[in-house]
There are 4 protein chains.
Amino acid sequence: MTVRTPDPDPGWLTNSELASARARLPMVYVEALPVRLDDHGRVVEVGLLYRADEAGNFRYSFVSGRVLYMHSIRETLMTHLEKDLGPLAMPQLPTSLVPFTVAEYFPYASSSGLTDDRQHAVALCYVVPVRGDTQPRQDALDVAWMTPEQALSPEITTEFEGGRGKLVTQAMAWANWGF
Amino acid sequence: MTVRTPDPDPGWLTNSELASARARLPMVYVEALPVRLDDHGRVVEVGLLYRADEAGNFRYSFVSGRVLYMHSIRETLMTHLEKDLGPLAMPQLPTSLVPFTVAEYFPYASSSGLTDDRQHAVALCYVVPVRGDTQPRQDALDVAWMTPEQALSPEITTEFEGGRGKLVTQAMAWANWGF
Amino acid sequence: MTVRTPDPDPGWLTNSELASARARLPMVYVEALPVRLDDHGRVVEVGLLYRADEAGNFRYSFVSGRVLYMHSIRETLMTHLEKDLGPLAMPQLPTSLVPFTVAEYFPYASSSGLTDDRQHAVALCYVVPVRGDTQPRQDALDVAWMTPEQALSPEITTEFEGGRGKLVTQAMAWANWGF
Amino acid sequence: MTVRTPDPDPGWLTNSELASARARLPMVYVEALPVRLDDHGRVVEVGLLYRADEAGNFRYSFVSGRVLYMHSIRETLMTHLEKDLGPLAMPQLPTSLVPFTVAEYFPYASSSGLTDDRQHAVALCYVVPVRGDTQPRQDALDVAWMTPEQALSPEITTEFEGGRGKLVTQAMAWANWGF
C-alpha cells in the first residue's frame, strides 16, 4: 500500500513518459483542506486524510491532485474532492481561485521546507467547506475530522506527508482561527 | 422613501449622538455582494438591491450595514444579509474575513471615487454565495438577479449609489469572472 | 509611562468626546508589521516596537494608529509608520489595501482572543517592508529587529499587547515564511 | 521576429522534448505587471512590454516566464524581470506569493478567455513595483509606461496577446485603482 494517490489517468502520457516529464518539469497540483463551518462561516472542524505509507506508518494528508492537460483548476479540484471524500460530501468550491498559499515541493534541496520525492510540484492550496458526509475512498483509511486546535497541535502537524503541517497553520491563519 | 437603510438600533447611541459621531469619526461598515454559484464555484448570477431614492430614481446597492459596538464582523454580516435578503436566503458567510476590497467613502472631496453624504465610512467588502430564495424586505423594492455580464454593463454600474459600481468590477475581478 | 500611543490629534473631538465615542462605537485602526526583505522578497527580519507598560513590564507591539475623520487608510499608515519608525525608515506602503487579516479587538468578552481595554476596534493589518534606518521615537524604547523564527517563538509571542502575538503568526503565514 | 519569449534554457529538455511535453502537460508560468508607485503605495504608472508579433503587428504583454525544473517562483520572477526590464529596474518582489489572480491559458476551447496556441499554461500573476530605470531588452521594442487609466482603455486592452487585457483589469481592481 502506498501513501501516494495513484494516477489512473496520466493525461495522454504513458507512465514512463510521465516519469520522464516529472524528472524535468514542475508539475501543477491543487490541494484542498476540507473544513466544516458554523452558520457564521467560522471553521469548527478540519478534515484530514489518514492512511498508511509504504512502511506502515499512518500519515495525514490533504486532498490533492495533479492538473491534467486541458483540465481546469476547478475541474481538478472537483474531481479529487469527489474521489477522496466520496460522492456525498457536497464540497463548496471557492468563489475566487486565488489560493490561501502557493506550495512549492522539491524532491531534494527544498528551500520551502516542503518535499515530494517524486517530483518538483507547484500546488495551489484552498480551504474547501464541506456540507455533506465524507466516506473513506478505497486506498484512504479514513477522513479524520478534528478541531482546528487539534489539527494545529505538534502531534498532528509532524505526522503530515512532505512537511504539509505548515499548510494547516497557513490555512488556519488565513481563516482567522484563533490559535 | 429613502435609499438608505434605516438604523433601528444605533448601538447605545441616540440618533443625535450618532449624527454627532458621524461628523467626527469614520464609521465601520460591511458590504456584501450576493452571488449564485454553479457546482464548480463559478459566479453565474449577481444579486443587486434595487430601490427608489428620495427623488424617486431607482438605484442599485449592496447589502450593507454598520458594525455596532461590541458586534463582530460576522454577526453584522449575518444580520444584514438576513434583513436584506429574507430568512430563506441561506447565505454562506466567508471562511476568511479578508475582504476582496476595502472601500473608503467620504462625504466630500473623495479621493477614492466613493461617496456617502452622511459620513466617512470604511467598508469591508465580501462576495457572499446564496443558496436559498431571496425575498425583498420592506423598504427594498427588489433583489435583482442578473448575470455578471449584465451587472458589469455601464447601464447598471452607473446606477449605483455612491460610486459602488466600481465595487462590482472589483468583486468580479477577484472571482476571476471573464469580463 | 504608558504602552499606548498618545492620541495628540483626536480628530475634531475633545478627549472627553473621544472617550464617550469609544464607549459606544467601534474605532477604525491600521496596524503594520515592519519587515526587512532580501532581494527576492523573502522576509529576513521583523521589526517589533518594544516599550514598557504602566506596570514597568516590557511589551512588544505593532505600528498602530487610529483612522481619523476624513483621513485615508494610506495617509494613516504613512503617518504612524513615520511616527513610530522615524523619518529615515523608507517604508514601502502596500500596493493593495487588502489586509493580510482583519483584527477585532474588544474591551471584554472577546471572541477573537484580541483585547483592548480602551475600546472595540477593527484593525486592518499590513506587512510593510522597510528599506531605511529605524529610530526609536520618544515614547518607544526600541524597535527590536529579529528573525521571523525568533518573532514566532513563544517567548516573544506571549509578550505582546492584547494578544497580538497571533497576528505575527498570521503575517508570517501570509508571507509564506517557513515556520 | 516573434512576440514570444525565446526559451534559451529549456530546463534539461531538448526543444523537441519540450514541444512534446507542452502537448501533454500544463506548464507553470509566472507573470508580472510592473508598476510605479507614489510614496503612499498608489499605482501611478503601469509598464507594458510592447513588441511586434510575427505578422508585424504591435502587441502588449506582461513580463512572463516559465518555471523551470528545480527553480523557485521567486527565482523565476527575478530572472524574467531582469531579462525583460534590464539590470537597473530595481523590482520589488512581492512579500507574499499569493497572486492577485491565477490565469489559465489553453491552446483551444478556452473557458477562461485566455489563450496560448503553444500550450496549456497555469500562470501565477503578480503586480511588481519598480523603482529604477527600465531598458528594452533585445527582442522587445519598448517598455511602455502609461497611467492606469490609459492601460485600462479599450484601445490598449484589446491589443494584448492571448486575452491578457483582462489581467490588467484584475491587477488594477486588486490594487484598488479608481476605475
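Please refer to the structure higher up on the page.
Below, the structure is looked at part by part. Remember, predicted model here, so these are calculated numbers, not experimental data.

Scanning all chains against the criterion turns up 20 aromatic pairs over all chains. Centre to centre, the rings of Y50(D) and Y60(D) are 4.7 Å apart; their planes meet at 25°, and the pair counts as stacked. Of this pair, Y50(D) sits in strand β2 (residues 43-52) while Y60(D) is found in strand β3 (residues 58-61), placing the two residues ten residues apart along the sequence. On the basis of relative accessible area, Y50(D) is assigned to the partly exposed category, the value being 25%. With a relative accessible area of 11%, Y60(D) lands in the buried category. Each residue in the set Y50(A), F58(A), Y60(A), F62(A) and F160(A) is aromatic and connected to the rest through ring pairs, giving one cluster. Over the aromatic face of W145(A) sits the side chain of R36(A), whose NZ or CZ is 4.3 Å from the ring centroid.

The accessible area lost on association of the parts is a frequent measure of interface size. Listed by partner, the interface residues are 22 residues for chain C and 22 residues for chain D. Summed over both sides, the interface between chain C and chain D buries roughly 1,900 Å², with carbon and sulfur atoms accounting for 57% of that surface. Here chain C is connected to chain D by zero salt bridges. Counting across the interface, chain C meets chain D through four residue pairs in polar contact (both at pLDDT 80 or more). When residues of the side of chain C that touches chain D are traced back to their parent elements, those giving at least two are α2 (73-85) and β6 (121-129) of chain C. Split by residue class, the side of chain C that touches chain D holds ten nonpolar, seven polar and five charged.

On to the relation of the copies chain D and chain A, then. When chain D is brought onto chain A, the operation consists of a screw motion whose angular component is 180° and whose axial shift is 0.0 Å, with 0.0 Å RMSD remaining. In short, the pair behaves as if placed about a two-fold rotation axis. Take the interface residues of chain D: 100% of them recur as interface residues in chain A, which is what a same-surface contact looks like.

On to the state of the cysteines. Two cysteines whose sulfur atoms are joined by a covalent bond form what is called a disulfide. A complete count under the given rule lists zero disulfides over all chains for this structure. For C125(B), which is in no disulfide, the shortest distance to another cysteine sulfur is to C125(C) and amounts to 17 Å. By relative accessible area, C125(B) is classed as buried at 0%.

Take the pairing of strand β1 (residues 27-37) of chain C next. All names here are of chain C. Burial within β1 is extensive, with ten of its eleven residues counted as buried. Across nine bridges, the pairing between β1 and β6 is parallel. Looking at β6, one finds that M27 is bridged to A121. For β1 and strand β4 (residues 63-66), the ladder comprises four bridges, and the chain directions are antiparallel. What sits directly across from E31, in β4, is S64. Relative to strand β2 (residues 43-52), β1 runs antiparallel, the two being bridged by three bridges.

Time to look at the relation of the copies chain C and chain D. With an RMSD of 0.0 Å, chain C superimposes on chain D once it is rotated by 180° and translated 0.0 Å along the axis. Comparing contact sets, 100% of the residues at the interface of chain C also lie at the interface in chain D, consistent with an isologous, same-surface contact.

This part is about helix α1 (residues 15-22) of chain A. All names here are of chain A. Every buried residue of α1 is listed here: L18, A21 and R22. Around the axis of α1, the buried residues are gathered within 100° of arc, so they sit on the same side. Summarising the contacts, the buried residues of α1 are in contact with β1 (27-37) and β4 (63-66).

What counts and what doesn't
Residues numbered from 1 in each chain as written. Chains lettered and ligands numbered in written order. Predicted model: local features only at pLDDT ≥ 70, side-chain atom pairs only at ≥ 80, totals over all residues. Heavy atoms only, no water. Phe/Tyr/Trp six-rings, centres within 6.5 Å; stacked < 30°, edge-to-face > 60°. Helix = DSSP H or I, 4+ residues; strand = E, 2+ residues; numbered from the N terminus. Buried < 20%, exposed > 50% of the residue type's maximum accessible area, 1.4 Å probe, protein only. Lys NZ or Arg CZ within 6 Å of the ring centre and 35° of its normal. Contact = heavy atoms within 4.5 Å. Buried area = accessible area lost by both parts, 1.4 Å probe. Salt bridge = Lys/Arg side-chain N within 4 Å of Asp/Glu carboxyl O. Polar contact = N/O pair within 3.5 Å; in protein donor to acceptor, adjacent residues only side chain to side chain. Nonpolar A, V, L, I, M, F, W, Y, C, P; charged D, E, K, R; others polar. Least-squares fit on C-alpha atoms with pLDDT ≥ 70 in both. Disulfide = S-S within 2.5 Å. Pairing = 2+ DSSP bridges. Arc of directions from axis to C-beta.

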